[in-house]
Amino acid sequence: MEPASQHPRPARRPEAHISTSSTRCFVRILFPVIGLIAACALWAATERQLWGHVAAALAAGMAVQAWRHVRKDRIASPMEQAAGQGLIDRATKLATTAALTRVGDSMLKQGPVTLILMDFRDLEELAAYYNPSFYRQMLELIGRRLANTCGSTGLAARVGHESFALLFLKTDRVGALDILAAKLGRSASFELDSDQNDVVMSPDIYIQEAAADDTSFLDLYNRCRLNLERVCRPAEVRFSSVVSAEALRATAPINLVA
């Protein structure tokens, strides 16, 4: 993948944010009304069955509308923002590079940011020598596990044919390592057993904290990319054994050499 700075940046769109005082006021008034209608519906159901059904239907409809307003009255998660803007990779269901850049610029203004880059160099061989459906299943597996790793406050993105990224807000390098160990295991391996094939891949990983003088997400991304390429071992001697979380904190990131 070429450095992200070589790609034109799309026009910025407003964040998916709906939070107004009128909406909150509407919700506060609506819930007591729903309770009153529900009580009337319960009474009517015993006295006049037809009107009871009508009242119950109205109460259910208003409850659904109220719930929709409650869900809108919050800031969308990074993955929801990417999906709302149509910036989703079809094969993995992860965000695209454009979404990562937009969200990254926004996160830098909110607090400390940590970026994790992953290179699955074995994906090229998998695409060349295995059944296409098996290759697609591996991409789907990577997408699901990385989306689960980033949670509701982070962003997982596909930034190249073999490259992926995780972006975390208000998380340092040690915290990022803890998340990887908890979600992906200490070896950060991805195993797929299908169609009589059993493949295990361990990506090359580099973790980069944002610097105080980073003015844009591209500064952070390009520095992380250069460091990953600089310290990564050749494919034939990549380290892929299990490493303890304590050893990772004292040495280099998973599968990397300082």
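The structure we're discussing is the one just above.
Residues numbered from 1 in each chain as written. Predicted model: local features only at pLDDT ≥ 70, side-chain atom pairs only at ≥ 80, totals over all residues. Heavy atoms only, no water.

What am I meant to see in the pairing of strand β1 (residues 113–119) here?
Taken residue by residue, a regular strand's side chains alternate between the two faces of the sheet. Burial runs high along β1: 7 of the 7 residues are buried. Because side chains alternate across β1, one face comprises the buried residues V113, L115, L117 and D119, and the other comprises T114, I116 and M118, equally buried. Relative to strand β3 (residues 163–169), β1 is paired through 7 bridges, and the arrangement is antiparallel. Note that in β3 the partner of L115 across the bridge is L167. Note that β1 and strand β6 (residues 204–209) share 6 bridges and pair antiparallel. Paired with D119 across the two strands is D204, which belongs to β6. (Buried < 20%, exposed > 50% of the residue type's maximum accessible area, 1.4 Å probe, protein only. Helix = DSSP H or I, 4+ residues; strand = E, 2+ residues; numbered from the N terminus. Pairing = 2+ DSSP bridges.)

In this structure, what is going on with the packing of helix α5 (residues 122–129) against helix α6 (residues 132–150)? I would like to understand it.
Each pair of packed helices can be summarised by the angle the axes make with each other and by the distance between the axes. Where α5 contacts α6, the two axes come as close as 8 Å, and the packing angle between them is 150 degrees. When the axis of α5 is compared with that of α6, the two are roughly antiparallel. Between α5 and α6, the residues in contact are L123, L126 and A127 and F134, Y135, M138, L139 and I142, respectively. (Axes fitted to C-alpha atoms, helices over the stretch in contact; angles between N-to-C directions. Parallel < 35°, antiparallel > 145°, perpendicular 65-115°, else oblique. Contact = heavy atoms within 4.5 Å.)

In this structure, what is going on with the pattern of salt bridges? I would like to understand it.
Pairing of side chains with opposite charge becomes possible as their charged atoms draw close. Taken as a whole and judged by the stated rule, the model has 7 salt bridges. Note that R121 and E229 form a salt bridge whose closest N and O atoms lie 3.6 Å from each other. Taken together, the positions of R121 in the loop between β1 and α5 and E229 in helix α8 (residues 217–231) put the pair 108 residues apart, joining distant regions of the chain. Looking at R121, the relative accessible area reads 28%, which means it is partly exposed. Classification of E229 as partly exposed rests on a relative accessible area of 42%. Among the charged side chains, a network of salt bridges with common partners joins D119, R121, D204, R225 and E229. (Salt bridge = Lys/Arg side-chain N within 4 Å of Asp/Glu carboxyl O.)

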